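Examination of the molecular architecture
Here is what each chain is made of, one letter per residue.
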Amino acid sequence: MTMDTDEALARRLSDDLDSSFEALVLAHQDRLYTIANRFLGNAHDAEEAAQDALVRAYRAMAGYDTDRIRALQLRPWLATIVLNLCRNRLARAQGARGTLSLDREPPEGGAVREPAADPSAGPAASLDRREARRRWAELVVQLPPVYRAPVVLRHVDGLSYPELAIALDRPEGTVKAQVHRGLALLRTAFEASEHPEREEMTA
Amino acid sequence: MTTAPIDDAAIEAALGELSLTAPRGLAPDVLVEVGLADHYATTQSPIGTLYVAWNGRGVSTVSLAPGDADFESRHREQTSRKAFRASSLPPALAARIARRIAGDRRARVRVDLRGRSDFERDVLLKAAEIPHGEVRPYGWIAAEIGRPKAVRAVGTALGHNPVPLIVPCHRVVRTDGTIGHYSLGGSENKRAILAAEGFDPDAFERRSRAGAHYTGSRTTHIVCNPTCRHARRVMDKHRVWFRSLDAAADAGYRPCKVCRPASGAGAVAIPA
């Protein structure tokens, strides 16, 4: 999805919300689900958050005038909505538990199933890629939320830094720094998981 | 066995692999919740398998259909919306519908009447006020919504009731006192549903043919629709029947404030 088609979509939505909304759902459901899933680490919660985000987007636009809908930057706007819902979920879950658990044991039915990779690469390679995805997803979800959101939006969802600044409502310089810091944390965590014995020695 | 340190490009490439596909039900659920599509399921009823469609705004369709494909195409024709098959009605909704149909007026069932004209909406909402076990003539609805001459249009609006049983259009009968047509499978179903509500359609038609359209009490001098709950409490020895409200007024009876019998309704030529 390029910026151009999003602009065209915003124009269509401003002309006739009801007849164009399905196109928005189809164009953005995968990325909103991905953002929620990679942020929350739970498939069931992610589906609810993505669904809720799209419903809220519709209701918000239903109350906007034509110009306001046309001016929407759909990619960062929708990302903001889904991230806010994800953060609320985390806060509620932490409130319910009293503490933030580091071992994120997904509830029954919520475990994220990594999709099978391209089978033409051979079963061994396919298994490796699936395992790699599972592992990186686990590392991402263990990042502190303040770095997790920028890293997911920049490198999983592929937002530009200007879009990221809109989505997170922070200056571009700040989100850049947060992405870099997030990547550095990821690298440390990855290397620690590769060499658990070395971490023990230096601990 | 040390691995080479991983660089940012490799991490970014790994993160780029983390895209997922939304679960199949997500888009339909969103569209249904905002009312741009519907879910539907079947439920058993005394008059056969009922198809019920609903969305985030309320129940949108109740109908009898021979099969899913038939229902879906008819739903699309009537609403211009897609209908997605659900395995069953949401339990809370099913329970409210069942209570409502059984006559519990505290059971609230929201209905989606988008696409209906203001007039049709007025007619349907008025029909929804008729209590379980009672009937009113078309002319009563016309008078109640301030369109006393629109009796035929009331009949048409009820014939297009998208949510029969929930909006009980079966409780509206012809002004001449015959039971009349029913969109949900014909007049036999209408009689069966009314009978199940404790109303005797045969006795009602017999009395109507004899010209007994309104009933009153000699002790209170109040005149009612025959099925009004106050009218049904009148003892036989005090009961009096009227052909028209004018006749009742001439005899010194005032209309009941609960069932508000409408003048004009019933004042028609009684078929021989």
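Residues numbered from 1 in each chain as written. Chains lettered and ligands numbered in written order. Predicted model: local features only at pLDDT ≥ 70, side-chain atom pairs only at ≥ 80, totals over all residues. Heavy atoms only, no water.

**Notes on the overall build of chain A**
A tally of regular secondary structure across chain A gives 10 helices and 0 strands. Listed N to C, the secondary structure of chain A is α-α-α-α-α-α-α-α-α-α in terms of helices and strands. The buried share of chain A, reckoned over its 203 residues, is 42%. Nonlocal contacts in chain A, meaning residues at least 24 apart in sequence, comprise 67% of its contacts between residues at least 6 apart. (Helix = DSSP H or I, 4+ residues; strand = E, 2+ residues; numbered from the N terminus. Buried < 20%, exposed > 50% of the residue type's maximum accessible area, 1.4 Å probe, protein only. Contact = heavy atoms within 4.5 Å.)

**Points about the overall build of chain B**
Looking only at helices and strands, one finds 11 helices and 10 strands in chain B. C-alpha extents for chain B along the principal axes are approximately 110 × 35 × 30 Å. The buried share of chain B, taken over its 272 residues, is 50%. Working note: accessible area of chain B is about 13,200 Å², and carbon and sulfur atoms make up 52% of it. Side chains of chain B carry 39 positive and 28 negative charges; the gap between the two charge centres is 12 Å. (Areas by Shrake-Rupley, 256 points an atom, 1.4 Å probe, with all protein chains shown as cover. Lys, Arg positive; Asp, Glu negative; His and termini not counted. Charge placed at Lys NZ, Arg CZ, Asp CG, Glu CD.)

**Quick look at the sheet that holds strand E9 (residues 239-242) of chain B**
All names here are of chain B. Spatial ordering of the open sheet is given by E9-E7-E8-E10, a layout of 4 strands whose pairing is mixed. Two strands in the sheet have a free side with no partner beyond their single neighbour: E9 and strand E10 (254-255). Relative to E9, strand E7 (residues 214-217) is paired through 4 bridges, and the arrangement is antiparallel. Bridging from a neighbouring strand, serine 217 pairs with arginine 239 of E9. (Pairing = 2+ DSSP bridges.)

**Regarding the interface of chain A and chain B**
At the interface, 35 residues of chain A touch 28 residues of chain B. Sorting the residues of chain A by area buried against chain B places Trp136(A), His155(A) and Arg187(A) first, and these three jointly supply 16% of that buried surface. Between chain A and chain B we count 4 salt bridges in total. Taken together, chain A and chain B are joined by 9 residue pairs in polar contact (both at pLDDT 80 or more). Sorting the residues of the side of chain A that touches chain B by element identifies helix H2 (17-40), helix H3 (43-62), helix H6 (123-141), helix H7 (145-156) and helix H9 (172-194) of chain A as the ones contributing at least two each. It is H2(A) that provides the largest number of residues to the side of chain A that touches chain B, a total of 11 residues. For the side of chain A that touches chain B, the residue count by class is 17 nonpolar, 6 polar and 12 charged. (Buried area = accessible area lost by both parts, 1.4 Å probe. Salt bridge = Lys/Arg side-chain N within 4 Å of Asp/Glu carboxyl O. Polar contact = N/O pair within 3.5 Å; in protein donor to acceptor, adjacent residues only side chain to side chain. Nonpolar A, V, L, I, M, F, W, Y, C, P; charged D, E, K, R; others polar.)

**Thoughts on the nonpolar core**
Of all hydrophobic cores here, the largest spans 71 residues; its most connected members are Phe21(A), Met61(A), Trp136(A), Leu186(A) and Leu15(B). For Leu186(A), the contacting residues outside a window of four places in its chain are Trp136(A), Leu139(A), Val140(A), Leu143(A), Val151(A), Ile11(B) and Leu15(B). Ranked by size, the runner-up nonpolar core spans 37 residues in total, among them Ile141(B), Ile145(B), Tyr182(B) and Ala262(B). (Core = buried A, V, L, I, M, F, W, Y, C linked by side-chain atoms within 4.5 Å.)

**Some words on unusual backbone geometry**
A positive phi is found at Leu165(B), a non-glycine position, where the angle reads about 75 degrees. For Leu165(B), a relative accessible area of 10% puts it in the buried group.

**Comments concerning the environment of Asp15(A)**
All names here are of chain A. By secondary structure assignment, the location of aspartate 15 is in helix H1 (residues 3-15). Given the relative accessible area of 59%, aspartate 15 is considered exposed. Placed 112 residues apart in sequence, aspartate 15 and leucine 127 show a C-alpha to C-alpha distance of 47 Å.

**Description of the sheet that holds strand E1 (residues 38-45) of chain B**
Residues and elements named next belong to chain B. Strands sit in the order E3-E2-E1-E4 across an open sheet of 4 strands; the sheet is mixed. With partners counted over all chains shown, the strands left at the sheet margins are strand E3 (58-64) and strand E4 (83-85), one partner each. Each adjacent strand pair in this sheet contributes to an overall mean axis angle of 35 degrees, direction not counted. Here 3 bridges tie E1 to E4, and the two strands are oriented parallel to one another. Within E4, the residue paired with histidine 39 across the bridge is phenylalanine 84. (Axes fitted to C-alpha atoms, helices over the stretch in contact; angles between N-to-C directions.)

**Comments concerning the packing of aromatic side chains**
Scanning all chains against the criterion turns up 8 aromatic pairs over all chains. Between the aromatic rings of Phe21(A) and Tyr58(A), the centroid separation amounts to 5.0 Å while the plane-to-plane angle is 70 degrees, which identifies the pairing as edge-to-face. On the criterion of sequence distance, the pair formed by Phe21(A) in helix H2 and Tyr58(A) in helix H3 is long-range, its members being 37 residues apart. This pair shows no difference in class: Phe21(A) is buried, exactly as Tyr58(A) is. The interplanar angle of 35 degrees and the centroid separation of 6.0 Å between the aromatic rings of Tyr40(B) and Tyr51(B) together place this pair among those described as tilted. Highlighted residues: Tyr40(B) in strand E1 and Tyr51(B) in strand E2 (residues 48-55), separated in sequence by 11 residues. Accessibility classification places Tyr40(B) together with Tyr51(B) in one group, the buried group. (Phe/Tyr/Trp six-rings, centres within 6.5 Å; stacked < 30°, edge-to-face > 60°.)

Remember, this is a structural readout, not a statement about activity or role.
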